[in-house]
Amino acid sequence: MLLIIGAVIVVASVLGGYVLHGGNLMVLWQPTEILIIGGAAVGSFVIANPMHTIKEVGKGVLIQLTGSPYNKSYYMDLLSLMYEVFDKSRKQGVMAIEEDIDNPQESQIFTRYPAIMKSRYLLAFMTDYLRIISSGNMATHELEGMMENEIDSRQHELEEPAHAVNKIADALPGLGIVAAVLGIVITMNFLSEGPEKIGLSVAAALVGTFLGIWMGYGFVGPTSIAMEHSARYELKAYECVKSAIVATVSGQAPQMAIEFGRKALPSDKRPGFQELNDHVRSK
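A brief report on the enclosed structure follows.

The rules behind these values
Residues numbered from 1 in each chain as written. Predicted model: local features only at pLDDT ≥ 70, side-chain atom pairs only at ≥ 80, totals over all residues. Heavy atoms only, no water. Phe/Tyr/Trp six-rings, centres within 6.5 Å; stacked < 30°, edge-to-face > 60°. Buried < 20%, exposed > 50% of the residue type's maximum accessible area, 1.4 Å probe, protein only. Lys NZ or Arg CZ within 6 Å of the ring centre and 35° of its normal. Axes fitted to C-alpha atoms, helices over the stretch in contact; angles between N-to-C directions. Helix = DSSP H or I, 4+ residues; strand = E, 2+ residues; numbered from the N terminus. Parallel < 35°, antiparallel > 145°, perpendicular 65-115°, else oblique. Left-handed = near helix turned anticlockwise from the far one by under 90°. Contact = heavy atoms within 4.5 Å. Nonpolar A, V, L, I, M, F, W, Y, C, P; charged D, E, K, R; others polar. Salt bridge = Lys/Arg side-chain N within 4 Å of Asp/Glu carboxyl O. Expected span 1.5 Å × (residues − 1). Arc of directions from axis to C-beta. Core = buried A, V, L, I, M, F, W, Y, C linked by side-chain atoms within 4.5 Å. Patch = residues over 30% accessible without salt bridge, like charges linked within 9 Å, V, L, I, M, F, W, Y side chains within 5 Å. Areas by Shrake-Rupley, 256 points an atom, 1.4 Å probe, with all protein chains shown as cover.

Thoughts on the packing of aromatic side chains
Between two aromatic rings, the relevant description is the distance of the centres plus the angle of the planes.
Then comes step 1: Per the counting criterion, the structure on display carries six aromatic pairs.
Then comes step 2: For the pair Y74 and Y75, a centre-to-centre distance of 6.2 Å together with 80 degrees between the ring planes defines the contact as edge-to-face. With respect to burial, Y74 and Y75 carry one shared label: buried.
Then comes step 3: In textbook terms, an aromatic cluster arises when at least three aromatic residues are bridged by ring pairs, as seen for Y70, Y74 and Y75.
Then comes step 4: Stacked on the ring of Y121, the Lys or Arg R120 has its end atom at 4.4 Å from the ring centre.
Then comes step 5: Positioned above the aromatic ring of Y233 is the side chain of K269, whose terminal nitrogen or guanidinium carbon lies 4.9 Å from the ring centre.

Looking at the packing of helix α1 (residues 2-20) against helix α10 (residues 195-249)
Then comes step 1: Packing of α1 against α10 brings their axes to within 10 Å, and their N-to-C directions diverge by 155 degrees. As the angle between them shows, α1 and α10 are arranged roughly antiparallel. Classified by chirality, the crossing of α10 by α1 is right-handed. Contact residues: α1 offers L3, A7, V10, V11, V14 and L15, while α10 offers F210, W214, G218, F219 and T223.
Then comes step 2: For the contact of α1 with α10, the per-class residue count stands at nine nonpolar, two polar and no charged.

Description of the pattern of salt bridges
Then comes step 1: Counted according to the given criterion, the structure contains 13 salt bridges.
Then comes step 2: Note that E56 and K59 form a salt bridge whose closest N and O atoms lie 3.6 Å from each other. Here E56 and its partner K59 are both found in helix α4 (residues 51-66), three residues apart, which amounts to about one turn of the helix.
Then comes step 3: Its relative accessible area of 48% is what places K59 among the partly exposed residues.
Then comes step 4: Taking the shortest distance from any N to any O, the salt bridge between K91 and D87 comes out at 3.2 Å.

A word on α4
Then comes step 1: Over its 16 residues, α4 runs 23 Å from end to end, which matches the ideal 22 Å to within 8%, given 1.5 Å per residue.
Then comes step 2: Burial in α4 covers these residues: T53, V57, G60 and Q64. Seen along its axis, α4 keeps its buried residues to an arc of 65 degrees; they face one direction. In α4, the exposed positions angled more than 90 degrees off the buried face are occupied by M51, K55, L62 and T66.

As for α1
Then comes step 1: End to end, α1 covers 26 Å across 19 residues, agreeing with the expected 27 Å (1.5 Å per residue, within 8%).
Then comes step 2: Within two residues after α1, G22 carries a phi angle of roughly 100 degrees, on the positive side.

A few points about the nonpolar core
Then comes step 1: Counting 41 residues, the largest nonpolar core has L78, M82, F86 and M126 as the members making the most contacts within it.
Then comes step 2: Looking at this core, the elements with two or more residues in it are α5 (72-92), α8 (120-135), α9 (140-187), α10, α11 (254-263) and α12 (273-282).
Then comes step 3: Sorting elements by how many residues they give to this core places α10 first, with ten residues.

Side note on a nonpolar patch on the surface
Then comes step 1: There is a patch of nonpolar side chains on the surface, built from M1, L2, I4, I5, V8, I9, V61, L62 and L65 and spanning about 860 Å² of accessible area.
Then comes step 2: Secondary-structure elements contributing two or more residues to the nonpolar patch are α1 and α4.
Then comes step 3: With five residues, α1 is the single largest residue contributor to the nonpolar patch.
Then comes step 4: Summarising the element assignment, L65 is placed in helix α4.
Then comes step 5: Exposure remark for L65: the relative accessible area of 39% places this residue in the partly exposed category.

The values reported here are purely geometric and, on their own, carry no functional implication.
Here it is, written out as structure tokens:
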């Protein structure tokens, strides 16, 4: 929603100011310039990135339009899920959670949290380390180091789509110049046809430069930054899981373990202590 609101503000401000200054909107409508810039941008994006990155960019843009799932409600469900797993392990023994973590799709605990079940990478991250805990006596610092290494790797994966989009944003002003140069080349054919024809052709060429800069700095660049923010919110879920699991391995009670996880969350989406406690009890 914010992406749409921001785009409307950008369009209204730029075009509105142009019209108020006496500009003619129809002069800016140059489909061939859009084809040159947009087509070259898409083509260079395809050349530069593997297929999985292209797919992730599509998913990332869709998330910006529909809203990130990593909100306060999601984090509360994540902490509540871990509390239930830790509590069952503490009361019935570590072996009691093996069936839950081996088949989370059939677990009575995990299936109560459909939002978490949709996050397959995070779900695998959580169950893998719960499985390690239940199957061996790994030292706390070794477990924490292993989790940090995986989180670092996941961070690079999550930020890759945003970086790919940002590179296209950086290229768009240059592609706008390409379109403008081609427009000037065409203008050379009109030198004998009078100043009016030449003026319109030069204006069309300059629109190419305008579109490249406008698209790069007004839309594509900000979208890449928004995708980076979404990646950070997802990454915080991993850090939350890591903190809670390390705390429970260190001997903390389930309530204290999820408190360690809660403190790892960003302050703007972090539930309060009592708010989380009420949510856990309601589940």
